[in-house]
Amino acid sequence: MAAAQAHTSVNRSDRDATYEAARSSGPLVEDAQRVAPKDARRLSKLFFERLSDLEEGTPKHQYARNTLIEMNLTLVRYVARRFRSRGQEMEDIVQVGTIGLIKAIDRFDVSLENEFTTFAIPYITGEIKRFFRDTTWSVHVPRRLQELRVDLAQAREELEWRGNPEPSVADLAAELGLAEEEVIEGLVACNGYDAGSIDRPIEAGGGKQQTGLVADLIGNEDPALALAEDLQALKPHLAQLDERERTLLELRFGSEMTQTEIGKEMGLSQMHVSRLLTRTYATLRESLLAEA
């Protein structure tokens, strides 16, 4: 009974400490991960302003920082969706993207009056791309084939020592007591075990002439693919704009006109065109983030 009362007392103490930290660190947010994107942007600004005045490592600072992370996880999920076809679990991608979000929160300068979402998305995207770059370059083979690779190397060495410089599949199979099909599977796995350098020269004419590098044969990712994805995501939200807003976007990006030229075309001042475009961008951004 005494232990239960002590446990209850500790829990109450923890809740009181959390509440006190929340009360002095910014608005109290009961469930930060369920805050709508529009409200998250508004609240994030308040928390960032308070965070800059708090001493790092204190409960108040920790509460504000953790709340910022939880409120902006929708940004991570929004970016992670673009990588869902890469063969990795979405949960793993979100975890990696969260590291980018934390870096963005720690480096964001609220005094510059930049939009945090604009600042954070490159950090999140960069962290996810770095994850794919660092973890997907090698070829992974089953452990059985990894062990077979060692056996094949030893069998080849033994046969060469006996005077067979080029042992065939049948020779290797007989030496190891395996079926030829299994040896072939192991040899294929051996070919993918080590990665060759993309800076290796391509040789022709019996190795006497170099015709370029392997890297010259590797294509680059077409930036138009990402643009096509963005346009498809944007399409239904463009349809919700009024006719004047769609005309502004068509003149600005379709006809590549300047704001001054658009103003002359539509009978508006350049300043008015700028305000209308800014408002339209904000509307589209909110719609996309809400969808995420």
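Residues numbered from 1 in each chain as written. Predicted model: local features only at pLDDT ≥ 70, side-chain atom pairs only at ≥ 80, totals over all residues. Heavy atoms only, no water.

1. Considering the overall build of the protein chain
Consideration 1: When its secondary structure is counted, the protein chain shows 13 helices and 2 strands.
Consideration 2: In the protein chain, buried positions account for 27% of the 292 residues.
Consideration 3: Long-range pairs, those at least 24 residues apart, make up 56% of the contacts in the protein chain between residues at least 6 apart in sequence. (Helix = DSSP H or I, 4+ residues; strand = E, 2+ residues; numbered from the N terminus. Buried < 20%, exposed > 50% of the residue type's maximum accessible area, 1.4 Å probe, protein only. Contact = heavy atoms within 4.5 Å.)

2. Thoughts on the pattern of salt bridges
Consideration 1: Overall, the coordinates contain 7 salt bridges when judged by the stated rule.
Consideration 2: Where aspartate 106 meets arginine 65, a salt bridge forms, and the shortest distance between an N and an O atom there is 2.9 Å. Taken as a pair, aspartate 106 in helix 5 (residues 90-107) and arginine 65 in helix 3 (residues 59-71) lie far apart in primary sequence, 41 residues in all.
Consideration 3: In this structure, glutamate 127 engages arginine 130 in a salt bridge whose closest nitrogen and oxygen atoms are separated by 2.9 Å. Taken together, the positions of glutamate 127 and arginine 130, both in helix 6 (residues 116-135) and 3 residues apart, correspond to about one turn of that helix.
Consideration 4: Residue glutamate 127 is classed as buried on the basis of its relative accessible area of 12%.
Consideration 5: One salt-bridge network, in which partners are shared between bridges, spans Lys103, Glu127 and Arg130. (Salt bridge = Lys/Arg side-chain N within 4 Å of Asp/Glu carboxyl O.)

3. Considering the confidence of the model for the protein chain
A low pLDDT means the predicted coordinates there should not be read in detail.
Consideration 1: Residues at a pLDDT of 70 or more form 72% of the protein chain, whose mean pLDDT is 78.
Consideration 2: The low-confidence segment residues 1-19 (pLDDT under 50) makes 1 contact with residues lying over four places distant or belonging to another chain. (pLDDT = per-residue confidence, 0-100.)

4. Regarding the nonpolar core
Consideration 1: Ranked by internal contacts, the top residues of the largest apolar core, which has 34 residues, are Met71, Leu101, Phe116 and Ile124.
Consideration 2: If you list the elements that add at least two residues to this core, you get helix 2 (37-51), helix 3, helix 4 (73-80), helix 5 and helix 6.
Consideration 3: Counting residues in each nonpolar core, the second largest holds 10 residues, with Leu241, Leu248, Met257 and Val273 among its members. (Core = buried A, V, L, I, M, F, W, Y, C linked by side-chain atoms within 4.5 Å.)

5. Considering the packing of helix 11 (residues 243-254) against helix 12 (residues 259-266)
Consideration 1: Contact geometry for helix 11 and helix 12: axes closest at 10 Å, N-to-C directions at 135°. By the angle between their directions, the pair helix 11 and helix 12 is classed as oblique. Along this stretch, helix 11 crosses helix 12, giving a crossing that reads as right-handed. Taken together, the residues of helix 12 that come into contact with helix 11 (itself represented by Arg244, Thr247, Leu248, Leu251 and Arg252) are Ile262, Glu265 and Met266. (Axes fitted to C-alpha atoms, helices over the stretch in contact; angles between N-to-C directions. Parallel < 35°, antiparallel > 145°, perpendicular 65-115°, else oblique. Left-handed = near helix turned anticlockwise from the far one by under 90°.)

6. Things to note about the packing of aromatic side chains
Consideration 1: Inspection of the entire model under this criterion finds 7 aromatic pairs.
Consideration 2: A centroid spacing of 4.7 Å and a plane angle of 55° characterise the contact between phenylalanine 48 and phenylalanine 108, whose relative ring orientation is tilted. Residue phenylalanine 48 is found in helix 2, and its partner phenylalanine 108 is found in the loop between helix 5 and helix 6; the two are separated by 60 residues along the sequence.
Consideration 3: Residue phenylalanine 48 is classed as buried on the basis of its relative accessible area, which comes to 5%.
Consideration 4: Among the aromatic residues, those joined into a ring-pair cluster are Phe48, Phe108, Phe116, Phe119 and Tyr123.
Consideration 5: One Lys or Arg, arginine 252, reaches over the ring of phenylalanine 253 and ends 5.6 Å from the middle of that ring. (Phe/Tyr/Trp six-rings, centres within 6.5 Å; stacked < 30°, edge-to-face > 60°. Lys NZ or Arg CZ within 6 Å of the ring centre and 35° of its normal.)

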